[in-house]
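# An overview of the molecular structure
These are the residues of each chain, in order.
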Amino acid sequence: MTSQMKKSRQLKKSAHSENNFTDKQSISLIENILTSHKRVMPKLDSIDKWPNIDGHIEIQNDKNNIIGRLNVQAKTLPQGHNLKFPCPIQFFSSCEIDPCLLFGVDNKNEKVYWLYFDAYEVKKIDFKNNKYTKTISFDKNKFFDKKTSTYIQVWEEIVKQNQSRFQKYDELKKAYSIISANSNKSAGKIKKEFINTHLFLDKLNNALDNEFNTIKNCFYPKTWKIGTVIYEYTPNNLSYALYPIPLNKNDIQIKEVDKNLHDKIQKKGLGFTGHFSENPLETRPREYAKEIVKSKTLKIIEAKLLKHTGNDFLAKEFIFAFIDKFHVQMGLKQKDKYSIGEIEKAFYTHLPLWLKNSHDILLFKDRNNFKNRVTDGRIRYYDPDRICEIREDEQKKIEQSVEKALKENTPAPKIPMGNEKIPFGLFVEFFNFLKQAQKEIERPYKAKDFSRLKENGSWVWSVFSKQDANHNLKIFFENILEVYNSILQNNFPLLKNELSFFGKADTILISWNVKDNYKNFQDGPSYKLYYLKAKSKKREPGIHLLSEAEEKTLKSLDFKTRELTFRKINYQIIRSSSILDFIYEDMPMLNFIYHELEEKLKNYFEK
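The following refers to the structure shown. (Residues numbered from 1 in each chain as written. Predicted model: local features only at pLDDT ≥ 70, side-chain atom pairs only at ≥ 80, totals over all residues. Heavy atoms only, no water.)

Moving on to the environment of D506. With respect to the helices and strands, D506 occurs in the loop between helix 18 (466-491) and strand 15 (507-513). Overall, the relative accessible area of 4% leaves D506 in the buried class. The spacing of D506 and E540 is 34 residues in sequence and 6.5 Å in space, taken between C-alpha atoms. Among the polar contacts listed, one links the side chain of D506 to the side chain of T507, at a separation of 3.4 Å. A distance of 3.2 Å separates a polar side-chain atom of D506 from the backbone nitrogen of A534. (Helix = DSSP H or I, 4+ residues; strand = E, 2+ residues; numbered from the N terminus. Buried < 20%, exposed > 50% of the residue type's maximum accessible area, 1.4 Å probe, protein only. Polar contact = N/O pair within 3.5 Å; in protein donor to acceptor, adjacent residues only side chain to side chain.)

Next up, the structure:
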């Protein structure tokens with residue numbers, strides 16, 4: 001082979017297929033339509049394979065509060081589709097663990113059809129004579145386009161229903177007591193299906209006892225092992241429930257129940273999982289255990305329920321985000337430093353008094369059908385975000401009532417308090433950590449200056465001057481590695497290498513571009529993270545904030561080679577990023593780290 005031929009082959013790049021362009025077109029159509037209605041934020045990847053989801057959507061209510069997310073699988077409908085599409089059987093099985101929206105994209109008519117699948121919906125499908133695929137029919141009335149947004153309310157209700165099905169440990173304990181009190185007809189039996197069930201439970205418990213012990217502590221605290229109660233087990237169907245065996249209890253891990261006991265247990269809150277398209281314990285018990293661990297892990301990531309204690313910076317970020325959001329309800333003036341005593345009184349006394357007064361007003365006035373919302377369970381706790389339903393004159397009366405109660409040393413009411421966006425549990429966790437060693441808490445970033453929006457346009461980026469944005473970004477990246485590693489150590493110590501912030505890289509270069517004024521979206525702030533791996537030998541991982549001179553040098557390079565020289569060392573570029581929005585969020589560090597962990601965990605589970 002001649003050197004010219006070798007060179008030609010080396011320079012030749014693999015071309016993108018026609019399907020890749022079509023898929024990208026479909027994703028773009030979904031994103032353009034959903035974002036135009038300003039209630040649903042899509043976070044989707046390329047649509048290239050089954051049964052993995054393509055990403056998820058985040059749904060916010062009409063008050064701009066995110067209420068939850070739904071997984072998404074998107075497929076391009078062929079020409080002449082007649083609203084039909086063949087889906088692999090395994091897709092339906094995955095929906096029985098993690099509910100999913102299926103999008104059928106009609107690019108020609110710029111319309112996207114949708115169907116929702118969970119265990120209840122899959123049960124309605126007849127899979128007889130469908131071994132590999134099942135053709136589904138989209139509903140002509142379930143679609144969205146630029147002019148149609150009726151889907152939003154339906155998806156919002158789906159999210160709320162799913163959240164209400166999130167099992168509580170107390171409910172699991174009640175159901176377990178019923179199981180334990182009844183004779184177990186599985187004891188001593190020999191059955192072929194017990195082999196696969198044991199393989200499943202061994203894999204599940206091994207993961208929860210080791211790499212994912214933090215998941216076990218969250219879902220099943222004070223538990224020795226997880227057992228399973230089986231209601232139905234056939235080659236193509238499975239109905240079962242997982243239950244915790246307490247540390248102080250000697251019990252077996254496989255139980256069987258009849259219909260009467262099944263119904264009794266279900267009424268106590270132990271929801272049975274049904275698989276009606278396949279029996280995953282029969283075909284892939286170990287893989288199925290991994291899918292369950294993945295599902296529970298990502299649920300905890302979404303709800304931000306990891307352990308965070310031990311990091312001063314993260315605690316301060318959260319405390320100030322909470323106070324900035326609810327300072328009126330806490331009776332605090334916004335400032336850059338608070339004493340521990342101030343915060344303690346504001347949270348444990350002033351806030352519950354304020355919430356009780358506001359709740360009473362909303363009930364008395366029946367504001368926005370408040371009584372029915374309480375009765376039907378839509379309002380389960382006292383939320384400071386409901387200040388938007390309180391008129392300005394009513395807020396003054398509430399403050400007067402609170403001040404009177406404080407002077408009279410009225411004890412704070414014991415009421416359930418909460419907020420979907422900024423969890424109260426995290427506030428207590430972080431505050432208790434900080435008050436152990438500090439008398440004052442100081443703001444970690446420069447505060448947002450909303451008065452700048454009048455002078456510099458309505459773009460959210462304008463809340464920081466260029467100087468303040470530079471300051472905050474420098475603080476952020478100087479602390480990112482320590483904070484990330486502390487959360488990793490608290491929750492996944494056995495996966496430190498697999499979930500390393502650096503991934504396969506050993507050096508990360510960071511630069512950003514911010515301004516005092518922004519004219520349009522394209523003019524917005526940007527940043528770059530270059531993930532580099534030294535070509536010569538392994539180096540100690542490090543993060544470098546680039547100087548302006550170094551950034552200019554990088555801009556002049558040809559990144560087609562995917563190589564560069566930095567401080568006299570040759571590197572290969574692994575990946576880079578350029579979207580800057582996190583620093584303008586209320587909790588930039590917490591959100592950034594959860595996003596990083598979510599992506600790394602997804603990659604880990606796909607191996």
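Right, let's get into the environment of F431. For F431, the location among the structural elements is in helix 16 (residues 424-435). When its relative accessible area of 0% is taken as the criterion, F431 is described as buried. Along the primary structure F431 and I340 are separated by 91 residues, whereas in three dimensions their C-alpha atoms are 8.5 Å apart.

Taken in spatial order, the six strands of this open sheet run 1-2-3-5-6-8, and their pairing is mixed. In this open sheet, the two edge strands, each paired with only one partner strand, are strand 1 (40-44) and strand 8 (143-144). (Pairing = 2+ DSSP bridges.)

With that out of the way, let us pick up the packing of aromatic side chains. Enumeration over the complete set of coordinates arrives at 45 aromatic pairs. An angle of 70° between the planes, with centres 5.4 Å apart, marks the rings of W461 and Y518 as edge-to-face. Of this pair, W461 sits in the loop between helix 17 (452-456) and helix 18 while Y518 is found in the loop between strand 15 and strand 16 (526-534), placing the two residues 57 residues apart along the sequence. The same class applies to W461 and to Y518, which are both buried. Taken together, a centroid distance of 5.0 Å and an interplanar angle of 65° make the contact between F582 and F592 edge-to-face. Here F582, found in the loop between strand 19 (569-577) and helix 20 (588-606), pairs with F592, found in helix 20; they are 10 residues apart in sequence, far enough to count as distant. (Phe/Tyr/Trp six-rings, centres within 6.5 Å; stacked < 30°, edge-to-face > 60°.)

What follows is about the packing of helix 18 against helix 20. Contact geometry for helix 18 and helix 20: axes closest at 10 Å, N-to-C directions at 55°. One way to sum up the angle between helix 18 and helix 20 is to call them oblique. For helix 18 against helix 20, the interelement crossing comes out right-handed. Taking contact as the criterion, the partners of F476, N479, I480, V483, Y484, I487 and L488 in helix 18 are, on helix 20, P588, M589, F592, I593, E596, L597 and K600. Of the residues assigned to the contact of helix 18 with helix 20, the class counts are 11 nonpolar, one polar and two charged. (Axes fitted to C-alpha atoms, helices over the stretch in contact; angles between N-to-C directions. Parallel < 35°, antiparallel > 145°, perpendicular 65-115°, else oblique. Left-handed = near helix turned anticlockwise from the far one by under 90°. Contact = heavy atoms within 4.5 Å. Nonpolar A, V, L, I, M, F, W, Y, C, P; charged D, E, K, R; others polar.)

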